[in-house]
Amino acid sequence: MKQISGNKLLVKALKEEHVDTLFGYPGACTIDISDELYKQSDIRVILPRHEQALVHAADAYARTTGKVGVCLVTSGPGATNLVTGLATANIDSVPLVCFTGQVARNLIGNDAFQEVDIVGITRSITKYGVTVRRREDLGRIIKEAFYIAKTGRPGPVLIDLPKDVMAELGSAEYPRTVNIRGYKPNTNVHIGQLKRAIKMLGEAERPLFLAGGGVNIAGANEVFREVVEKTKVPVVTTVMGRGAIPTDHPLFIGNLGMHGAYAANMAVSECDLLFSIGTRFNDRITGKLHAFAPYAQIVHIDIDPASISRNIHVDVPIVGDAWAAVSKMNEYVHECDTKKWLDEISVWEHEHPLTMRQHRTMGPKDIIDEINRQFDKAIVVTDVGQHQMFVAQYLEVNENKKLVMSGGLGTMGYGFPGAVGAQLGNPDTPVIAISGDGGMQMNIQEFATAVLEELPLILCVFNNTYLGMVRQWQKLFYGKRYSMTDLRAGALTRRTNGEEKPAYTPDFIKLAESYGAKGIRVEKREDIAAAFEEAKKNTKVPTLIEFIIDPEEMVFPMIQPGGTLEEMIIEC
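Residues numbered from 1 in each chain as written. Predicted model: local features only at pLDDT ≥ 70, side-chain atom pairs only at ≥ 80, totals over all residues. Heavy atoms only, no water.

Engineer: I'd love a proper account of the overall build of the protein chain, names of residues and values included.
Structural biologist: Across its full length, the protein chain carries 23 helices and 22 strands. Its C-alpha atoms give the protein chain a radius of gyration of 25 Å, within 12% of the compact-globule value 25 Å for 572 residues. Judged by the C-alpha coordinates and their principal axes, the protein chain covers about 75 × 70 × 45 Å. Residues counted as buried form 57% of the 572 residues belonging to the protein chain. Relative to all contacts within the protein chain whose residues are 6 or more apart in sequence, the contacts with residues 24 or more apart total 76%. (Helix = DSSP H or I, 4+ residues; strand = E, 2+ residues; numbered from the N terminus. Rg over C-alpha atoms; globule rule 2.2 N^0.38 Å. Buried < 20%, exposed > 50% of the residue type's maximum accessible area, 1.4 Å probe, protein only. Contact = heavy atoms within 4.5 Å.)

Engineer: Can you lay out the sheet that holds strand 12 (residues 273-277) for me, pointing to particular residues and giving the numbers?
Structural biologist: A sheet is described by the order of its strands in space; here six strands give the open sequence 11-10-9-12-13-14, paired in parallel fashion. The strands lining the two open edges of the sheet, one partner per strand, are strand 11 (252-255) and strand 14 (316-319). The average angle at which neighbouring strand axes cross in this sheet is 15 degrees, direction not considered. The sheet contact formed by strand 12 and strand 13 (residues 297-302) spans five bridges and is parallel. Bridge pairing in strand 13 links Phe-275 to Val-299. (Pairing = 2+ DSSP bridges. Axes fitted to C-alpha atoms, helices over the stretch in contact; angles between N-to-C directions.)

Engineer: Explain the nonpolar core to me, using residue names and the numbers behind them.
Structural biologist: Nonpolar side chains in soluble globular proteins tend to end up buried together. Counting residues in each nonpolar core, the largest one holds 49 residues, and the members touching the most others are Met-440, Phe-447, Leu-457 and Leu-544. A per-element tally of this core places helix 3 (residues 51-65) first, with seven residues. Every residue in contact with Met-440, bar those within four places of it in the chain, is listed here: Phe-416, Ser-435, Phe-447, Leu-459, Val-461, Phe-508 and Leu-544. (Core = buried A, V, L, I, M, F, W, Y, C linked by side-chain atoms within 4.5 Å.)

Engineer: Just give me the short version of the packing of aromatic side chains, but keep the residues and values in it.
Structural biologist: Per the stated rule, a full pass over the model turns up 14 aromatic pairs. With a centroid separation of 5.9 Å and an interplanar angle of 70 degrees, the aromatic rings of Tyr-466 and Tyr-482 are classed as edge-to-face. Of this pair, Tyr-466 sits in the loop between strand 18 (458-463) and helix 21 (468-477) while Tyr-482 sits in the loop between helix 21 and helix 22 (508-514), placing them 16 residues apart in sequence. For Tyr-466, a relative accessible area of 9% corresponds to the buried category. The partly exposed category is assigned to Tyr-482, whose relative accessible area is 24%. Its guanidinium or amino end placed over the ring of Tyr-466, Arg-471 lies 4.4 Å from that ring's centre, counting from NZ or CZ. (Phe/Tyr/Trp six-rings, centres within 6.5 Å; stacked < 30°, edge-to-face > 60°. Lys NZ or Arg CZ within 6 Å of the ring centre and 35° of its normal.)

Engineer: Now, about unusual backbone geometry: what can you tell me, with residues and values included?
Structural biologist: Excluding glycine, most residues fall at negative phi; most peptide bonds, likewise, are trans. Here Thr-505 and Pro-506 are connected by a cis peptide whose omega angle stands at 5 degrees. Structurally, Pro-506 is set in the loop between helix 21 and helix 22. The omega angle of the peptide bond from Phe-556 to Pro-557 is -5 degrees, so this bond is cis rather than trans. As for its position among the elements, Pro-557 is in the loop between strand 20 (543-548) and strand 21 (558-559).

Engineer: Would you mind going over the packing of helix 11 (residues 221-231) against helix 14 (residues 322-329) in detail, with residue names and values included?
Structural biologist: Closest axis-to-axis distance for the helix 11/helix 14 pair is 9 Å, and the angle between their directions is 30 degrees. Our pair here, helix 11 against helix 14, has a crossing hand that is left-handed. Mapping the contact onto sequence places Val-223, Phe-224 and Val-227 in helix 11 and Trp-323, Val-326, Ser-327 and Met-329 in helix 14. Residue classes in the contact of helix 11 with helix 14 are distributed as six nonpolar, one polar and no charged. (Left-handed = near helix turned anticlockwise from the far one by under 90°. Nonpolar A, V, L, I, M, F, W, Y, C, P; charged D, E, K, R; others polar.)

Engineer: Lay out the pattern of salt bridges in plain terms, naming residues and giving numbers.
Structural biologist: When their charged atoms lie close together, side chains carrying opposite charge are able to pair. Using the criterion set out here, one finds 31 salt bridges in the structure. We note a salt bridge from Lys-540 to Glu-454, for which the minimum N-O separation is 3.8 Å. Pair noted here: Lys-540 is in the loop between helix 23 (528-537) and strand 20 and Glu-454 is in the loop between helix 20 (447-452) and strand 18, with a separation of 86 residues, a long-range link. For Lys-540, a relative accessible area of 52% corresponds to the exposed category. Taking the relative accessible area as the measure of exposure, Glu-454 reaches 44% and is therefore partly exposed. The structure contains a network of salt bridges with shared partners spanning Arg-134, Glu-136, Asp-137, Arg-140 and Glu-144. (Salt bridge = Lys/Arg side-chain N within 4 Å of Asp/Glu carboxyl O.)

Fair warning: the whole summary comes from geometry, so function is off the table for now.
Structure representation (C-alpha cells):
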C-alpha cells in the first residue's frame, strides 16, 4: 500500500471534498502544506493580507456560494488572528473548515515559539475543534470536519495540525463515509407538531410570520413565499432574515427590532400568533423579554434544539431544517382570514412610514436608492454600524440581490474582506461593499488582495468622520459627550465651538490609488449616479466611492436599551 505524508493527504482530502478555493497565509508550521499546494493546480489559493481578513473572506465565500469556506493559517498569532472571524461565523451559522498549524507534539505545552492552545481558545466559538494527535486519524478527522461544518446548524470547525504529524507517512486512503457517534443531526420534521402549528395558524385572528436568517441559510425562500401567498399571512424579518421574502412583496412589512420599521414592531406587539422560523430571538429583536409579543402564542421552527425556548418561551417547538419544514407546511396550509389584520397593519405603515429626512445635498437613503435603481443583480456586503442599518432598512433584497453582513457578532472590519470572498465565489455578479469610515480602515490592507486578484469590487465608504452608531447613542443618551468616536479629533480631545479640526486622515481616494485601485469622492446627490456608472466601467480593479455624510445623520426608528418594541424613538 502506497504511503504519503500528512501534508499530501490534506491536499488530496481538499480535492475529494471538491474545494476549489482556499484562503491561506503561510508560516513555519504550515510551510510544508504550502509547498504541497504549490505542486497542484485544482485548488485556487488566495493570499489575503491578514488572517482576520482571510477568515472573513472565507465566511462570505461560504454564505454566497453554499459551499464550505476553507482557511489555512500558521500556528500562534496566525491561529489567534482567526478568533474574531470564527466567532462571527459561529453565531451566524456559516460553514467553515479552518486548518491551523501547530508546533511538533513534543513541544506542545512547553511555551515553544508560536505555540498556543488554539483548540482551547476557540472551544466556545466553534462547532467543533480538535488537534490531530496521530497520523492515522488525519483523513477521518478531515472528513468529519467537512460533514460537521455543513450539516445541522452549520458552523466553523477548527483542525489543529502539529507539524510532525503532517510530516509522517501513512495511508493515502481518504474515507468516503462518516459515522460520528453522538452526532446525528435531525433531518426530519415532527408532522404532529407541524400540523398543530398549522391549525393554530388557521384559527388565529392576527397571525404573523417571523422569518430569521435560518430561512436564507436553508434556501427556503421560494417555498416560504409560496406559503405566505397561500395563507395571506403578513411577514416580518430579522435583519439576517431580510430577503426571506422579496422586500417589495405586498405581505412583507419590514424588519423588526431595535431599528425595525414601526409597523413591523407594532405587528409583533399586537399579533395573537407569532409563527417564527429560523431565528434565535436575540435581544436586538425582542427588547424587554417580558413585553415581547405579549398577546401571542408562539411557534418556533429551528434546526438547533438549543435555540428553542432559550430566550423566549414558545408554545409549539419544532426542531427541523427550515426548508424541510416549510416545504411540508406548503402541502397543508390554506388561506387565512387576514383582511382586517392587514388593514390594521396598513394604518401603522401610513402613520409612521419607514423614511428619512430630506437632505439639501445627500443622505444615506439617496445612495441606497441609487444602488436599487442601477443594480438588478448584486451581492451587497456591509460592515457594521449606522450604514449597516440604513442598508438593512432600504436595500431591495430578492432572488437576484443578496445581502451579507455580520449579524450576531457585529464585527467591524467584515465588509471589505467579505466582499473579496463574495466576488471570488461569484465572479459574474456585481459585488458592492458598504462600510463606514471606521470599519473600512480595520481591514483596508485588503486593497492589495483585491487589486492583485483583479476584483471589480465597488467599495462604498459612508464617511461621517465619526464612529456613527456609538456617536448616535452618545447624542441620545450620554449628553453629547463624544468620547472616543471623533475620528478626526482623537480619543478625548475637547474642542471649543468654532475651533477648526484637523483634516480627515486618511485621504481614502489617494489611499485607494496608492494600491492601484480607483477612487471617487461624492459630496452631492446629483453626482451619485455618475459615480456608480463610472465604477461599473472598472472591470479589472476595485473602485472606492467615498460619500461625504452628515455626522448628525441617525438611524430611526430606534428602541433605546432596555425598552420594549412599542417604545420606539421615531425621530429626534
